[in-house]
Amino acid sequence: MDINAYNRLVDSGLRPSTQRLAIMSYLLGHRTHPTVEDVFQGVVTEVPTLSRTTVYNTLRLFSEHKAAQMITIDDHHVCYDGDIHPHVHFLCRECGRVFDLMDEKAPKLKRPVTRDGNLIDEAQLYYKGVCKECLEKEKENNKNKIA
């Protein structure tokens, strides 16, 4: 049993079932910001009775209980992050990868705050652009076209 996954679930007030443990363990072990499908494919061999609906509902539950982050950068990119500490995410418009920018200052809320009469209880910061790997590929492709 993954003790980190177990502790995360218990600390978040969730009962650590076999499916929840497997899904949380996957999230904590894969820093790739997986989608529901990624998690399903990664866990179904360990828990053959698992369904996509269970993965979807479990990830939503994790998000609601602050055991994981649901990252919704846009309508086409919904993924999950086992790192619940405030940090910035970057979406590459070319390859579609989402990754952490840990050196960027992230918004932090120690407790809910009120701004203009609105209660803010969560803050996330996303950047969108082209990652360095895609920029290098583009540079290489342009160089080859000229030659």
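The text that follows walks through the structure, step by step, so that each part is easy to find. Predicted model only: the values in this text are computed from it and were never measured.

Looking at the overall build of the chain
- For the chain, the count of helices and strands is 5 helices and 7 strands.
- N-terminal to C-terminal, the α/β element order of the chain is α-α-α-α-β-β-β-β-β-β-β-α.
- Principal-axis analysis of the C-alpha atoms places the extent of the chain at approximately 60 × 50 × 25 Å.
- Among the 147 residues that make up the chain, the fraction classed as buried is 34%.
- Long-range contacts, defined as pairs at least 24 residues apart, comprise 45% of the intrachain contacts of the chain with a sequence gap of at least 6.
- For the chain, the accessible surface area stands at approximately 9700 Å², while carbon and sulfur atoms represent 49% of it.
- The positive charge centre, built from 20 side chains, and the negative charge centre, built from 21, are 3 Å apart in the chain.

Quick notes on the nonpolar core
- One finds Val39, Val55, Leu59 and Phe62 to be the most contacted residues of the largest nonpolar core, which totals 22 residues.
- Elements that contribute at least two residues to this core include exactly α1 (3-11), α2 (18-29), α3 (36-43) and α4 (52-64).
- Sorting elements by how many residues they give to this core places α2 first, with 6 residues.
- If we ignore the near neighbours within four places in the chain, the residues touching Val55 are Ile23, Val36, Val39, Phe40 and Leu50.
- In terms of nonpolar packing, the next biggest core, distinct from the first, is built from 5 residues, Ile71, Ile73, Leu91 and Val98 among them.

Overview of a nonpolar patch on the surface
- Residues Met1, Ile3, Tyr6 and Val10 make up a contiguous nonpolar surface patch of about 410 Å² in total accessible area.
- Position of Val10 among the secondary structure elements: in helix α1.
- Taking relative accessible area as the criterion, Val10 reaches 40% and is therefore assigned partly exposed.

Parameters and conventions
Counting starts from 1 at the beginning of each chain's written sequence and moves along it residue by residue. Totals for whole chains, interfaces and linings use every residue, but because this is a predicted model, local features are given only for residues with pLDDT of at least 70 and side-chain atom pairs only at 80 or more, for both listing and counting. Only hydrogens and water are set aside when side-chain values are computed; all heavy atoms of the structure are taken into account. A helix here means a DSSP run of H or I that spans at least four residues, while a strand means a run of E at least two residues long, and both kinds are numbered starting from the N terminus. For the exposure calls, accessible area comes from a 1.4 Å probe over protein chains only, and a residue counts as buried if that area is under 20% of its type's maximum, exposed if over 50%, partly exposed in between. Throughout, a residue-residue contact means that at least one pair of heavy atoms, one from each residue, lies within 4.5 Å. Under the convention used here, a 1.4 Å probe and the Shrake-Rupley method define accessible areas, while residue burial counts only the protein chains that appear. This count recognises Lys and Arg as positive and Asp and Glu as negative, with His and chain-terminal groups excluded. Charged side chains are reduced to one point each, which is NZ for Lys, CZ for Arg, CG for Asp and CD for Glu. By convention a nonpolar core is built from buried Ala, Val, Leu, Ile, Met, Phe, Trp, Tyr and Cys residues, the set being connected through side-chain atoms within 4.5 Å. Two distance rules govern patches: like charges are joined within 9 Å, and nonpolar side chains (Val, Leu, Ile, Met, Phe, Trp, Tyr) within 5 Å, applied only to residues with over 30% relative accessible area and no salt bridge. We define a salt bridge as a contact between a side-chain nitrogen of Lys or Arg and a carboxyl oxygen of Asp or Glu at a distance within 4 Å.

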